[in-house]
Amino acid sequence: MKYLKQSALLIASAVFLMSCFDQNKKNQAEPSVKPETKSKKHWPNGAQLVISVSMQFETGGQPEGAESPFSGTPLPKGQPDLPAESWYRYGANEGIYRMLDLWKKYDIKVTSHVVGTAAEKYPDVAKAIAAGGHEIAAHGIAWDNQWNKNYADELRFVKDGVDVVEKITGQKAVGYNCNWLRRSPNTLKVLQELGFLYHIDDLSRDEPFITKVTGKNFVVMPYTLRNNDIVNIEGKHWSPDQFLNQLKFEFDRLYEEGSSKRRMMSISFHDRIGGTPAMVHAMEEFIKYTKEKQGVVFMRKDDIAKMVLNDPETPVDNSEEKYNN
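Basis of the calculations
- Residues numbered from 1 in each chain as written.
- Predicted model: local features only at pLDDT ≥ 70, side-chain atom pairs only at ≥ 80, totals over all residues.
- Heavy atoms only, no water.
- Helix = DSSP H or I, 4+ residues; strand = E, 2+ residues; numbered from the N terminus.
- Expected span 1.5 Å × (residues − 1).
- Buried < 20%, exposed > 50% of the residue type's maximum accessible area, 1.4 Å probe, protein only.
- Arc of directions from axis to C-beta.
- Contact = heavy atoms within 4.5 Å.
- Polar contact = N/O pair within 3.5 Å; in protein donor to acceptor, adjacent residues only side chain to side chain.
- Lys, Arg positive; Asp, Glu negative; His and termini not counted.
- Salt bridge = Lys/Arg side-chain N within 4 Å of Asp/Glu carboxyl O.
- Core = buried A, V, L, I, M, F, W, Y, C linked by side-chain atoms within 4.5 Å.

Participant: Would you take a moment to explain helix α8 (residues 240–257) for this structure?
Facilitator: Along an α-helix, residues three or four apart share an orientation, since each turn contains 3.6 residues. Over its 18 residues, α8 runs 26 Å from end to end, which matches the ideal 26 Å to within 8%, given 1.5 Å per residue. Taken residue by residue, α8 has Phe243, Leu244, Gln246, Leu247, Glu250, Phe251, Leu254 and Tyr255 as its buried positions. The buried residues of α8 occupy one face: seen down the axis, they fall within an arc of 155°. For α8, exposure combined with an orientation more than 90 degrees from the buried face picks out Phe249 and Glu256.

Participant: Could you clarify how one ought to interpret the environment of Ala126 in this entry?
Facilitator: Its location among the elements puts Ala126 in helix α4 (residues 123–131). C-alpha separation for the pair Ala126 and Gly116, spaced 10 residues apart in sequence, amounts to 9.8 Å. Discounting chain neighbours no more than four positions away, the residues touching Ala126 are Phe57, Ala119, Ile136, Ile168 and Thr169.

Participant: So what exactly am I meant to see when it comes to helix α5 (residues 151–169) here?
Facilitator: Here α5 spans 27 Å end to end across 19 residues, near enough to the 27 Å set by a 1.5 Å rise per residue. The complete set of buried residues in α5 reads Glu154, Leu155, Phe157, Val158, Gly161, Val162, Val164, Val165, Ile168 and Thr169. Residues of α5 that are buried in the fold lie against β2 (111–114), α3 (116–121), α4, β3 (135–138), β4 (175–176) and α6 (187–193). One side-chain oxygen at the N-terminal end of α5 lies 3.2 Å from the backbone nitrogen of Ala152; it belongs to Asn150. Directly beyond the C-terminal end of α5, a positive phi value near 85° is found at Gly170.

Participant: Can you help me understand the side chain of Lys301 in this one?
Facilitator: Here Lys301 lies in helix α10 (residues 301–308). For the buried residue Lys301, which engages in no salt bridge, the nearest side chain bearing the opposite charge is Glu135, 6.9 Å off. The contact partners of Lys301, leaving out residues within four places of it in the chain, are Ser52, Val53, Ser54, Thr111, His113, Glu135, Tyr198, Ile200, Met221 and Ser266.

Participant: Help me out: how do you make sense of the environment of Leu100 in this one?
Facilitator: Tracing the backbone through its elements, the reader meets Leu100 in helix α2 (residues 82–105). As for Leu100 and Ile129, which are separated by 29 residues in sequence, their C-alpha atoms are 7.2 Å apart. If we skip the residues at most four places from it in the chain, Leu100 touches Met55, Ala128, Ile129 and His134.

Participant: When you look at the nonpolar core in this model, what are you seeing that I'm missing?
Facilitator: As a rule of thumb, nonpolar side chains are buried together in soluble globular proteins. Of all hydrophobic cores here, the largest spans 66 residues; its most connected members are Trp103 and Met283. Tallying contributions element by element places α2 first for this core, with eight residues. Apart from residues no more than four positions distant in its own chain, Trp103 is found in contact with Val53, Met55, Ile108, Val110, His134, Phe269, Met283 and Ile287. One finds Leu181, Met221, Ala305 and Val308 within the second-largest nonpolar core, a separate group that totals 18 residues.

Participant: Where do I start with the pattern of salt bridges in this structure?
Facilitator: Any two side chains of opposite charge can pair, given that their charged atoms come close. Scanning all chains against the criterion turns up 17 salt bridges. A salt bridge links Arg272 to Glu58, with the shortest nitrogen-to-oxygen separation between them at 3.0 Å. Pair noted here: Arg272 is in the loop between β8 (264–270) and α9 (277–290) and Glu58 is in the loop between β1 (49–56) and α2, with a separation of 214 residues, a long-range link. Take Arg272 and Glu58: they sit in the same class, and that class is buried. Salt-bridge contacts for Arg300 lead to Asp303; the nearest nitrogen and oxygen are separated by 3.8 Å. By sharing partners, the salt bridges in this structure join Glu58, Asp271 and Arg272 into a single network.

Here's what the structure looks like:
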């Protein structure tokens, strides 16, 4: 009996020692996890990536001979290009409304730069954009150049567009987009005088920044040619799936960079191009793709500009100082 007790004691001791040895190995193989350190947020709203969509409303504001699928073989001056005009009307009849349905489905608010004469010809479209909670921004009274206007003429051109669209929609624009981004040396001073908050005619960064105009802060919300339907779909004849891949590639890189710096993704649609069934389908696929990540926010440009205007982290860039004093 004595030997049985001793044997049992020895077995118990061995089991205990083996248990301790196994636990020690487990602890070595699986070191304790350190508490997760909170990463720095580079946007005031805590987002990792902000996406801003432009939806340009231009139907009816285009001049004779404006870019279209038919402009490569222009008709004689004074001869109406009826199929080209119908191509533009698609934006007001179908394109804007289809895009508005998409934004509503996913509760996304966009910025719409509206040409004054487009709003005059299609007031119901302009009102529908505003009623959807989207930003009404300015795009001139007509689809025309500004780079060749003197200060007084340019100021009148911008102000007339703002006044017309405000009368129709009830919204006074605080953001501006020139025709094909082609500003004059006076444009930002004109916008500052008229009380604008920001403009988008700049391609120099992937985040908003501040520039000084007549000594005051003015926000620059960089535009995009890379994620622009008129450049890639009409200009390069991309298919919608090529455009979708471009958006995904751009998103993936900017989202990754957004963990260590402030990043903004800009996307541009035009009523007659981005509002086609295939392009809206591509954009919906992209929206679903972005929802797989945390910290992605779609925002209007005026809301972004207000958020970064007085943020000390917003870069200041006075590369165009010689024009803005």
